[in-house]
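Below, each chain spelled out in residue letters.
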Amino acid sequence: MALDLPNPESRIPDPVPKRFVLCAGEASGDLLGAGLIEQLRARFPDARFAGIGGDAMRAAGFDAWHDAQELAVMGFAEVLAHLPRLLKLRSAFHKRVLGWKPDAFIGIDAPDFNLGVERWLKQRGVRTVHYVSPSVWAWREKRAEKIGQSADRVLCLFPMEPPIYARHGVDARFVGHPLADTMPLDPDRDAARAEFGLAADAPVLALLPGSRLGEIARLGKPFLEAAARVAREIPTLQVLVPAANAACRQAIERLLADPRLAATSLQLLDGRARAAMAAADVVLLASGTATLEAMLAKRPMVVGYRIAPLTYAIVKGLGMLKVDRYALPNVLAGADLAPELMQADCTPDRLAEAVLGWFRNPDSMASLQARYRGIHLELRQDASSRAAEAVAGLIASPTPNKQPG
C-alpha cells in the first residue's frame, strides 16, 4: 500500500509540528541558519526552531537558548580561559536538546563545538546534520570518517567535497554556496568606483591582508611594500585597503606610519571589502574565503599567505596537507587561475611582480571573466533551499537506531 505523504507546498498544518535545533557559532553561520530556517518553514509551516544563534536567526523566528557569541572564542589561550564555561554550556545544551525531542539537530560550521554535540545526540537516536564541511579536500581527509560518526548527513558548499565523503561511506550533499547566490553575476565596477570617488579609468588595486590580527602581522608589511612597488611603476595607482574591524584597522594604521609602506594614493576602509573588490582591477589578498569573494566579483587576484614556520614544517612533514593549490578559485577550477605565493615565496618583490603581471596583460584579465562566471554558476544552486530539501529528506527517512553511548 502506497504511503501518502503531505505535499510540502500545500501548507496543510502538521498534526505534530516539526522541531529543529540549530547551532551557529559566528556571524556567517547565523546568516546560513536564517536562510535555512526560512526554507524549512516553507516546507513545514508550523515548525519550531530553537538552539544557539544570532540576530539573523532570531529575526527568522528562532528561539535562541544561547547567543552565538557565547561560542565565538578563537585562539588556544582564549579557549583555555573559557573552557570551564564552554563545557558547562555544552553539557546543559546536550540535555536541553535531548529533552526537547527535535526531529533533527543541525550544527552550522563551528566544528570544534558542533561535531561533539552531533555525535552525542546521534548516539541517542537524534538525526544530525552538519552544515558546512571542514576543508577535508585540503588536509586530513581522514577527518571525513569521523565527521560521519557525528553527522547523519553533511551539507557541502563545494562540489568536490561529497566524493571525498563517499570514499569514507558518509552521506554528503552538495547544496551550493550562499555567497554565489547573493553576489551578482555581473558586478557593477563603475558604481563601486563611484562609491569610493574613483575615476572610471583609474588603475585600482584592492589589498586585503586578512581579517585576523595574526594574518596582518605576517602579511600586512609585505603586502603594503608590494603595493608601494607597484605604485612606483604605475604612479596613478589607487589602493583600497578594507579593514575587517577596528582592531585590524589599528594594526594597519601602525604599519602605514612607516612612510616606506605608503602607496601613492591609499584609502583605508572600515569593512566594505566586497565593494572594494568590485571597484578594483586587481586584488592582492590572503588565502581564505576572501579569494572566493574575489572570484565571484570576477576580479584577477594574487594570493599570498604565511603561517608560522614551525606549523608549516609540521603540517608538511606529517603529510597532512593534501593539495598543491591553496586558493579556492584554483581548487574549484582545477587550474592555476590566480598566482599563489606561499611562505618563502610571499615576498614584496614577488607579490608586486605578480600584481604587475595582471596590469600588463589586460587580455588575460578579460579572458578570466568567463572562467570565473562558469564557476559562479556552478556554485549558484539556491543553497538555503537545497539545504532545507536535504534536511527534509533526512527526517522523512526511517528513524536510526540508537548507538551505544
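Because the structure is a prediction, the values reported are computed rather than measured. Residue numbering note: each chain is counted from 1, following its sequence as written. Whole-chain, interface and lining totals are the exception, using all residues; otherwise, since this is a predicted model, local features are given only for residues with pLDDT of at least 70 and side-chain atom pairs are given and counted only at 80 or more. To obtain the side-chain values, all non-hydrogen atoms of the structure were included, while hydrogens and water were left out.

1. Examining the overall build of the chain
1) Next: Secondary structure is summarised from DSSP: a helix means a run of H or I of at least four residues, a strand means a run of E of at least two, and numbering begins at the N terminus for each. Each helix and strand in the chain was counted, giving 17 helices and 13 strands.
2) Next: Should any heavy atoms of two residues lie within 4.5 Å, those residues are considered in contact. Of the contacts made within the chain by residues no fewer than 6 positions apart, 69% connect residues no fewer than 24 positions apart.
3) Next: Per-residue accessibility takes into account occlusion by the displayed protein chains alone, with areas from the Shrake-Rupley method and a 1.4 Å probe. Taken as a whole, the chain presents about 19000 Å² of accessible surface, with 54% of it coming from carbon and sulfur.

2. Regarding helix H9 (residues 213-233)
1) Next: Each residue after the first adds 1.5 Å to the expected span of a helix. Taking 1.5 Å per residue as the helical rise, H9 with its 21 residues ought to reach 30 Å, and the 30 Å between its terminal C-alpha atoms agrees with that figure.
2) Next: Considering bend angle alone, the principal kink of H9 is centred on Leu-219 and spans about 45°; proline Pro-222 follows within four residues of it. Bend is the name given here to the angle between axes fitted to two runs of seven residues, the run ending at a residue and the run starting at it.

3. Comments concerning the side chain of Thr-291
1) Next: Tracing the backbone through its elements, the reader meets Thr-291 in helix H12 (residues 289-296).
2) Next: Those residues in contact with Thr-291 that sit more than four places away from it in its chain are Leu-285, Ala-286, Met-301, Val-303, Ala-327, Leu-328 and Pro-329.

4. Brief notes about the sheet that holds strand S10 (residues 266-270)
1) Next: Strand pairing follows a simple DSSP-based rule, namely that at least 2 bridges must link the two strands. A sheet is described by the order of its strands in space; here 6 strands give the open sequence S10-S9-S8-S11-S12-S13, paired in parallel fashion. Here the strands that pair on one side only, and so sit at the sheet edges, are S10 and strand S13 (340-342). Each adjacent strand pair in this sheet contributes to an overall mean axis angle of 15°, direction not counted.
2) Next: In this sheet, strand S9 (residues 238-243) lies alongside strand S8 (residues 204-208) in parallel orientation, the contact comprising 3 bridges. Opposite Leu-205, over in S9, you have Val-239 as the bridge partner. Here an axis means a line fitted to C-alpha atoms, over the contact stretch when the element is a helix, while the angle between two N-to-C directions is reported on a 0 to 180 degree scale.

5. Thoughts on the packing of aromatic side chains
1) Next: In this scheme Phe, Tyr and Trp rings, the latter by its six-membered ring, pair at centre separations within 6.5 Å, and the angle between planes marks the pair as stacked below 30 degrees, edge-to-face above 60, and tilted otherwise. Using the criterion set out here, one finds 6 aromatic pairs in the structure.
2) Next: An angle of 70° between the planes, with centres 6.2 Å apart, marks the rings of Trp-65 and Phe-93 as edge-to-face. Residue Trp-65 is located in strand S3 (residues 63-67), and its partner Phe-93 is located in helix H3 (residues 76-100); the two are separated by 28 residues in the primary sequence. Each of the two residues, Trp-65 as well as Phe-93, counts as buried. Throughout this description, buried means an accessible area under 20% of the type-specific maximum (1.4 Å probe, protein chains only), exposed means over 50%, and partly exposed covers the range between.

6. Let's talk about the sheet that holds S3
1) Next: A sheet is described by the order of its strands in space; here 7 strands give the open sequence S3-S2-S1-S4-S5-S6-S7, paired in parallel fashion. The open sheet is flanked by S3 and strand S7 (172-174), the only strands paired with a single partner. In this sheet, neighbouring strand axes are inclined to one another by 20° on average, regardless of whether the strands run parallel or antiparallel.
2) Next: Note that strand S6 (residues 153-156) and S7 share 3 bridges and pair parallel. Its bridge partner being in S7, Val-154 is matched across the sheet by Ala-172.
3) Next: Across the sheet, helix H1 (residues 27-43) touches strand S1 (19-24), strand S2 (48-53), strand S4 (104-108) and strand S5 (128-131), and the angle it forms with S1 is around 165°.

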